[in-house]
Amino acid sequence: MNASPRHARKGAAPSIRDVAAEAGVSHQTVSRVLNESPRVRPATRAAVLAAIDRLGFRPNRAARTLGFGRASGVTVVTSNTTLYGYACTLQGIEEAARTDGVALGIRVVESAEVRQTVDYVSDPSAGGLIVIAFDPLGTAVLEALPGHIPAIVAAEPGAPDLGRVAIALDERRAAADATRHLLELGHRTVHHVAIPSEGRSGGRQAGWRDALTEARAEIPEVLGCGWDVASAYVAGRQLAARPDVTAILCGNDDIAQGVRRALYDAGKDVPGDVSIVGFDDIPGSAFWTPALTTVRMDFAGLGRACFHAAVAELTGRPQPEISLVPPRLIVRESTAPPRHR
């Protein structure tokens, strides 16, 4: 075997520079080949791959760098790792990174750390970047991020266009379908308890408004709450006190849980007195009493799509075609026609 002098002398595992010397190219060219950059001539690629095979080189995935200076790993910026949508999106990103052998880092941003986070991910060692922008913190990071930093956005529908590749699930249509389901059961209108990230243009709230407008139904005032079940319970108590409330679309399934408990404590039957629809189809929602009607979301697919888009952005390859499972209304026991039409 024609090992490089350094490799032969020290008996160490061959390095990227050993491969470069063996192939007669720069170590940057070897890095481009390892990361499947399209900017390498076929003959050069073949020479590098042959040198890798002769030396038995195994790349250090965490240390590989691309020819244009950013690491070959991917960093995810998110404000939350525990909420269902965020966690499932992260799971999809991690699965895709593991399959492709790409190093993955996660940076959790808090309200006082936007500037520090932007500085961190602007360093070339951060590699490609995915920002989960389901909330104002994610959007703030994107707004502060220099334009030359390659970044992909897992976006909330209706978010402002910041000139990045943004991938989103069609929450607007899904929320409209959920609202129509309640209206078709005979409910005169549908009340909405919104997730914190929703503005009027947010996908879930916008779809709810679309369906009510289309049906010429009353559009009630939106009730907001935090991400926690306790604040959803408070909103639910407000709705439980109103005899005209017969149908509620909740911003997610956790909110539906709080609202459901508030209705129970107020002596309201679900779905006899009030129908409830959730969003996200979290594990266990099918086993509630009653089983929750909800919208199933392909968050893991969203994460995988964002990962592949980030790798394409990082390597200069064309963006892959995006294929996501559309959100789907799952009708269970928590919705029924109103008792008194």
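See above for the structure.
Definitions and limits used
Residues numbered from 1 in each chain as written. Predicted model: local features only at pLDDT ≥ 70, side-chain atom pairs only at ≥ 80, totals over all residues. Heavy atoms only, no water. Helix = DSSP H or I, 4+ residues; strand = E, 2+ residues; numbered from the N terminus. Buried < 20%, exposed > 50% of the residue type's maximum accessible area, 1.4 Å probe, protein only. Polar contact = N/O pair within 3.5 Å; in protein donor to acceptor, adjacent residues only side chain to side chain. Patch = residues over 30% accessible without salt bridge, like charges linked within 9 Å, V, L, I, M, F, W, Y side chains within 5 Å. Areas by Shrake-Rupley, 256 points an atom, 1.4 Å probe, with all protein chains shown as cover. Salt bridge = Lys/Arg side-chain N within 4 Å of Asp/Glu carboxyl O. Pairing = 2+ DSSP bridges. Axes fitted to C-alpha atoms, helices over the stretch in contact; angles between N-to-C directions. Contact = heavy atoms within 4.5 Å. Phe/Tyr/Trp six-rings, centres within 6.5 Å; stacked < 30°, edge-to-face > 60°. Lys NZ or Arg CZ within 6 Å of the ring centre and 35° of its normal. 1 Å grid on protein atoms, 1.4 Å probe; cavity = no way out; pocket = protein on both sides within 12 Å on 5 of 7 lines; lining within 4 Å. Points joined across faces, edges and corners; volume = space filled by probe spheres on them. Nonpolar A, V, L, I, M, F, W, Y, C, P; charged D, E, K, R; others polar.

**Digging into the side chain of D18**
- Looking at where D18 falls in the secondary structure, it is placed in helix α2 (residues 16–23).
- The exposure class assigned to D18 is buried, which follows from its relative accessible area of 4%.
- Among the polar contacts made by the side chain of D18, one reaches the main-chain amide nitrogen of S15 at a distance of 2.8 Å.

**Structural notes on a nonpolar patch on the surface**
- A cluster of nonpolar side chains, contributed by L104, I106 and V108, occupies part of the molecular surface with about 230 Å² of accessible area.
- As for its position among the elements, I106 is in strand β2 (residues 104–108).

**Considerations on the sheet that holds β2**
- Ordered in space as β2-β1-β3-β4-β5, the five strands form an open sheet in which the pairing is parallel. The open sheet has two edge strands, β2 and β5 (165–167), and neither has a second partner. Across the sheet, the axes of successive neighbouring strands diverge by a mean angle of 20°, strand direction being ignored.
- Pairing geometry for strand β4 (residues 151–155) and β5, over three bridges, is parallel. Paired with V153 across the strands is A166, a residue of β5.
- Its contacts with the sheet place helix α6 (residues 114–122) against β1 (74–78), β2 and β3 (128–133), and it is angled at close to 170° to β1.

**Re the packing of aromatic side chains**
- Going through the model one piece at a time under the given rule, you end up with four aromatic pairs.
- Aromatic pair F134 and F299: ring centres 6.3 Å apart, planes at 55°, arrangement tilted. Placement of the pair is F134 in the loop between β3 and α7 (136–144) and F299 in helix α12 (residues 299–315), with a sequence separation of 165 residues. Each member of the pair, F134 as well as F299, is classed as buried.
- Aromatic rings pair up to connect Y84, Y86, F134, W227 and F299 into one cluster.
- The ring of Y120 carries the charged tip of R107 above its face, separated from the ring centre by 4.5 Å.

**Here's the deal with the layout of surface pockets**
- Estimates place the volume of the largest pocket at around 320 Å³.
- Along the wall of the largest pocket there are 19 residues; nearest its centre are P243, D244, V245, T246 and H340.
- In terms of residue class, the lining of the largest pocket is made up of four nonpolar, seven polar and eight charged.

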